[in-house]
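What follows is the residue order along each chain.
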Amino acid sequence: MSTVTLRDVKKAYGDTPVIHGVSMEIQTGEFIVVVGPSGCGKSTLLRMVAGLEEISDGEIHIAEKLVNNLEPRDRDIAMVFQNYALYPHMSVFDNMAYGLKLRKLPKDEIRAKVEEAADLLQLRPYLERRPRQLSGGQRQRVAMGRAIVREPSVFLFDEPLSNLDAKLRVQMRVEIRKLQRRLGTTSLYVTHDQVEAMTMADRLIVMNAGVAEQIGSPIDLYEHPETVFVAGFIGSPAMNLLDAAAFPGLSLPTDRGPLTVGIRPEHLVVADGGPIGATVDLVEPLGADTIVHAQLPTGDALLIRLPGNAKVTQGTTLSLAPKDEAAVHLFDKDTGRRI
Amino acid sequence: MPQTKSWIVPTLYIFFLMLPIYWLVNMSFKTTNEILGGFSLYPKEFTLENYITIFTDPTWYTGYLNSLAYVGINTVLSVAVALPAAYAFSRYRFIGDKHLFFWLLTNRMAPPAVFALPFLQLYSAVGLFDTHIAVALAHTLFNIPLAVWILEGFMSGVPKELDETAYVDGHPFWSFFIKIFIPTIAAGIGVAAFFCFMFSWVELLLAKTLTSVDAKPIAATMTRTASTSGYELGLLAAAGTLTIIPGAFVIYFVRNYIAKGFALGRV
């Protein structure tokens, strides 16, 4: 049973609040991704779970045990950092074994555990090397290995892939996900990369300015963003979020006060006599699809993602329509909340 | 072509740099008579007599032992005290930390001579006069700030996540500090120890003021240029040559780390 429960967790530095009360129940074996722009408090939240930052208010339970006042080492967690934080003067083996040695496990048991983890991570040939003799991806694996051998209740990842190049990042994110499924360890993963978040998460927490804007599955967040922030943050390219006045052709409710209308670029289709007219500014052919930068008569920019190699020329005017009714998201302009 | 002549300037530089050292070594193998008798580029009457005297006469070799003793105590003491201090400056934020860090260096802004008198009286009062520990303590006044400054630079180059990983891994603080952190900044400790050693090794005034017989440093012994047998310039040159050796030895071991320290902008 390795659940994690956050109850109205708050953090303030002096009088400045940085986390405004986050509540969440994480089930055993779930992979939760905390995502948000830099400075939104996502790392602080993770560090509070780890015990590296004090909790100003609220409760954190790990494996149904209140851990507010426990030291990091008593919380039964393992953490992987962005810069790996390997012990530079120790071999890969010792790096992975050190946490076990501190727990006074018998030597042959330590060796067995480290070797098992090394096999899992394909680190067997590197056990005697020093961290500086390894590539970035290998170091990342050693950091993972160090976390795995301790068999903690919870893995905490703080942007573990941000120091890797793009190709390796994609590869490692698949590896981490597979590994986590196999081990079935509850995981909390912080990233600023929404693609990483969408592809890895069982559930996502989107954070903005210390507030958990929305918690849900990736598809849930994509299809039903609760706030303008989530709508704009999840999905690539980002959703078009414009004043209702920019879409005079759409029939929108008029009794709800000022509205923000959101339509994803991929949910716009070319339709003769469609309600939205836009002039093409720039065409980006990506092969699988085509991104069209267009301008509405009001001067607002509109992104459109057309499937395949769409034949669109610069300067022409496109007639567009939302794909279906669910493609149009309406938000209260003042509160930013979904209507 | 300028390229083909490019060796001239460095060669001249090294020549002028090495000249006084060569002359010192040259003199150390001469008899005093030859030194006073005229100008010679190399020893005409080669003699090891000067060195033999130094290694056999207790007034000479105890000078070296005394110097090594207080320099050793000073280096160990300075680094041991500076390590936790530098850790605090590098890892924690506390009221006035930046000011304190800067003002640490003010001790180095005054020439050591100004402290000679207060130290002499203080140490005499507590009965530390003419002991190795007196000189070692006096030198820590200058060396601890320097060591803190150097070590803080190296420590700040170690990501804080290393500490945090260790706590999550289950290290108690001191176990982490001694087994993980100190080996990680070993280069910095080497550099700090080197600078403490060098300052203490070449500092003459305080060392001379605070000692009379039992802890008299070699540099003080060397100020005794004349004796009953007249000027002993050969002996003095030999003693001088020997004082260079420990420094050269230490520099040899930390030369790469010093380069690293310069790269960090802290040396």
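The text that follows walks through the structure, step by step, so that each part is easy to find. (Residues numbered from 1 in each chain as written. Chains lettered and ligands numbered in written order. Predicted model: local features only at pLDDT ≥ 70, side-chain atom pairs only at ≥ 80, totals over all residues. Heavy atoms only, no water.)

1. Points about the overall build of chain A
Point 1. When helices and strands are tallied, chain A shows eight helices and 18 strands.
Point 2. Principal axes of the C-alpha set define a box for chain A whose edges measure 75 × 45 × 30 Å.
Point 3. Counting the 339 residues in chain A, one finds 50% classified as buried.
Point 4. If you take every contact in chain A between residues at least 6 apart in sequence, the share linking residues at least 24 apart comes to 65%.
Point 5. Split by element, the accessible area of chain A, about 15400 Å² in all, is 48% carbon and sulfur.
Point 6. Counting 38 positive and 43 negative side-chain charges, chain A places the averaged centre of each group 9 Å from the other. (Helix = DSSP H or I, 4+ residues; strand = E, 2+ residues; numbered from the N terminus. Buried < 20%, exposed > 50% of the residue type's maximum accessible area, 1.4 Å probe, protein only. Contact = heavy atoms within 4.5 Å. Areas by Shrake-Rupley, 256 points an atom, 1.4 Å probe, with all protein chains shown as cover. Lys, Arg positive; Asp, Glu negative; His and termini not counted. Charge placed at Lys NZ, Arg CZ, Asp CG, Glu CD.)

2. Concerning the pattern of salt bridges
Point 1. Using the criterion set out here, one finds 20 salt bridges over all chains in the structure.
Point 2. Among the salt bridges present, the one from A:Lys101 reaches A:Asp94, with a minimum N-O distance of 3.2 Å.
Point 3. Residue classification places A:Asp94 among the partly exposed residues on the basis of a relative accessible area of 25%.
Point 4. Where B:Asp97 meets B:Arg93, a salt bridge forms, and the shortest distance between an N and an O atom there is 3.2 Å.
Point 5. B:Asp97 sits in the buried class, given a relative accessible area of 9%.
Point 6. Look at B:Arg93 and you get exposed, because its relative accessible area is 61%. (Salt bridge = Lys/Arg side-chain N within 4 Å of Asp/Glu carboxyl O.)

3. Considering the sheet that holds strand β15 (residues 289–295) of chain A
Residue and element names in this part refer to chain A.
Point 1. If you walk across this open sheet you meet the five strands as β13-β17-β14-β15-β16, and the pairing is antiparallel. The sheet terminates laterally at β13 (268–270) and β16 (301–307), the two strands that pair on one side only. Shown here is a sheet whose adjacent strand axes are inclined to one another by a mean of 50°, direction ignored.
Point 2. Of the pairings in the sheet, the one linking β15 to β16 comprises seven bridges and is antiparallel in character. If you follow Gln295 over to β16, its bridge partner there is Ala301. (Pairing = 2+ DSSP bridges. Axes fitted to C-alpha atoms, helices over the stretch in contact; angles between N-to-C directions.)

4. Some remarks on the pairing of strand β2 (residues 16–26) of chain A
Residues and elements named next belong to chain A.
Point 1. Pairing geometry for strand β1 (residues 4–13) and β2, over eight bridges, is antiparallel. Looking across to β2, one finds that Tyr13 is bridged to Thr16.
Point 2. Here β1 folds back onto β2 in antiparallel fashion, the turn holding two residues, of which Gly14 has a positive phi close to 65°.

5. Section: the nonpolar core
Point 1. Core analysis: the biggest nonpolar cluster contains 46 residues, and A:Val33, A:Met96, A:Val114, A:Leu204 and A:Ile234 have the highest contact counts within it.
Point 2. At six residues, helix α4 (residues 136–149) of chain A tops the list of elements feeding residues into this core.
Point 3. When residues no more than four places from it in sequence are discounted, the contact partners of A:Met96 are A:Val114, A:Ala117, A:Ala118, A:Leu123, A:Val142, A:Gly145, A:Arg146 and A:Val149.
Point 4. A:Met90, B:Ile144, B:Phe154 and B:Cys196 belong to the second largest nonpolar core, which has 34 residues in total. (Core = buried A, V, L, I, M, F, W, Y, C linked by side-chain atoms within 4.5 Å.)

6. So, unusual backbone geometry
Residue and element names in this part refer to chain A.
Point 1. Here the residue pair Ser236 and Pro237 is connected by a cis peptide bond, since its omega of -5° sits within 30 degrees of zero.
Point 2. Along the polypeptide, Pro237 turns up in the loop between α8 (228–233) and β11 (240–243).
Point 3. Residues other than glycine seldom take positive phi values, yet Asp76 does so here, at roughly 60°.
Point 4. By the secondary structure assignment, Asp76 is in the loop between β5 (65–66) and β6 (77–80).
Point 5. With a phi close to 50°, Ala85 is a non-glycine residue in the positive phi region.
Point 6. With respect to the helices and strands, the residue Ala85 is situated in the loop between β6 and α2 (92–102).

7. Considerations on the packing of aromatic side chains
Point 1. The tally for this structure, following the rule as stated, stands at 34 aromatic pairs over all chains.
Point 2. Considering the side-chain rings of A:Phe229 and A:Phe233, the 5.5 Å spacing of their centres and the 15° angle between planes classify their relative orientation as stacked. Of this pair, A:Phe229 and A:Phe233 both sit in helix α8, separated by four residues, roughly a single helical turn.
Point 3. Judged by relative accessible area, which is 22%, A:Phe229 ranks as partly exposed.
Point 4. Among the residues examined, A:Phe233 registers a relative accessible area of 16% and is labelled buried.
Point 5. For the ring pair B:Phe29 and B:Tyr51, a centre distance of 5.3 Å and an interplane angle of 40° mean the geometry is tilted. Of the two residues, B:Phe29 is situated in the loop between α1 (8–28) and α2 (32–37) and B:Tyr51 in helix α3 (residues 49–56); the sequence distance between them amounts to 22 residues. (Phe/Tyr/Trp six-rings, centres within 6.5 Å; stacked < 30°, edge-to-face > 60°.)

8. As for the packing of helix α5 (residues 97–104) of chain B against helix α7 (residues 132–156) of chain B
Residue and element names in this part refer to chain B.
Point 1. Where α5 meets α7, the axes come as close as 9 Å, and the angle between the chain directions of the two elements is 125°. Taken as axis vectors, α5 and α7 run oblique relative to one another. Listed contacts from α7 to Phe101, Phe102 and Leu104 of α5 are Pro145, Val148, Trp149 and Glu152.
Point 2. Partitioning the contact of α5 with α7 into residue classes produces six nonpolar, no polar and one charged. (Parallel < 35°, antiparallel > 145°, perpendicular 65-115°, else oblique. Nonpolar A, V, L, I, M, F, W, Y, C, P; charged D, E, K, R; others polar.)

9. Brief notes about the sheet that holds strand β18 (residues 328–332) of chain A
Neighbouring strands of a sheet are bound in pairs by backbone hydrogen bonds; such pairs are parallel or else antiparallel.
Residue and element names in this part refer to chain A.
Point 1. With antiparallel pairing, the three strands of this open sheet are ordered in space as β11-β12-β18. Edge positions in the sheet fall to β11 and β18, since each of these pairs with one other strand and no more. Across the sheet, the mean angle from the axis of one strand to that of its neighbour is 25°, orientation sign disregarded.

10. Digging into the interface of chain A and chain B
Point 1. The interface of chain A with chain B comprises 20 residues on the first partner and 17 residues on the second.
Point 2. Interface area for chain A against chain B, summed over the two sides, is near 1700 Å², with a carbon-plus-sulfur share of 62%.
Point 3. Across the chain A-chain B interface, the total number found is two salt bridges.
Point 4. Between B:Asp169 and A:Arg150 there is a salt bridge, with its nearest N and O atoms 3.5 Å apart.
Point 5. Scanning the region where chain A abuts chain B turns up six residue pairs in polar contact (both at pLDDT 80 or more).
Point 6. For the side of chain A that touches chain B, the secondary-structure elements that each account for two or more residues are β6 and α2 of chain A.
Point 7. Classifying every residue of the side of chain A that touches chain B gives 13 nonpolar, three polar and four charged. (Buried area = accessible area lost by both parts, 1.4 Å probe. Polar contact = N/O pair within 3.5 Å; in protein donor to acceptor, adjacent residues only side chain to side chain.)

11. Considerations on the environment of B:Val71
All names here are of chain B.
Point 1. Residue position: Val71 is located in helix α4 (residues 58–91).
Point 2. Taking the C-alpha atoms as reference points, Val71 and Val202, separated by 131 residues in sequence, lie 9.7 Å from one another.
Point 3. Setting aside residues no more than four positions away along its own chain, Val71 makes contact with Phe197, Ser200 and Trp201.

12. A closer look at the environment of B:Ile180
Point 1. Here B:Ile180 is to be found in helix α9 (residues 173–184).
Point 2. Given the relative accessible area of 0%, B:Ile180 is considered buried.
Point 3. Sequence separation between B:Ile180 and B:Asp163 is 17 residues, and the spatial gap between their C-alpha atoms is 8.7 Å.
Point 4. With sequence-adjacent residues up to four places away left out, B:Ile180 is seen in contact with A:Tyr87, A:His89, A:Met90, B:Leu162, B:His171 and B:Ser175.

13. Digging into α4(B)
Point 1. Here α4(B) is 34 residues long and its end C-alpha atoms lie 49 Å apart, about the 50 Å a rise of 1.5 Å per residue gives.
Point 2. Taken as a whole, α4(B) carries its principal kink of about 30° at B:Leu83; the proline B:Pro84 stands between one and four residues after it. (Expected span 1.5 Å × (residues − 1). Bend = angle between axes of the 7 residues up to and from the residue.)

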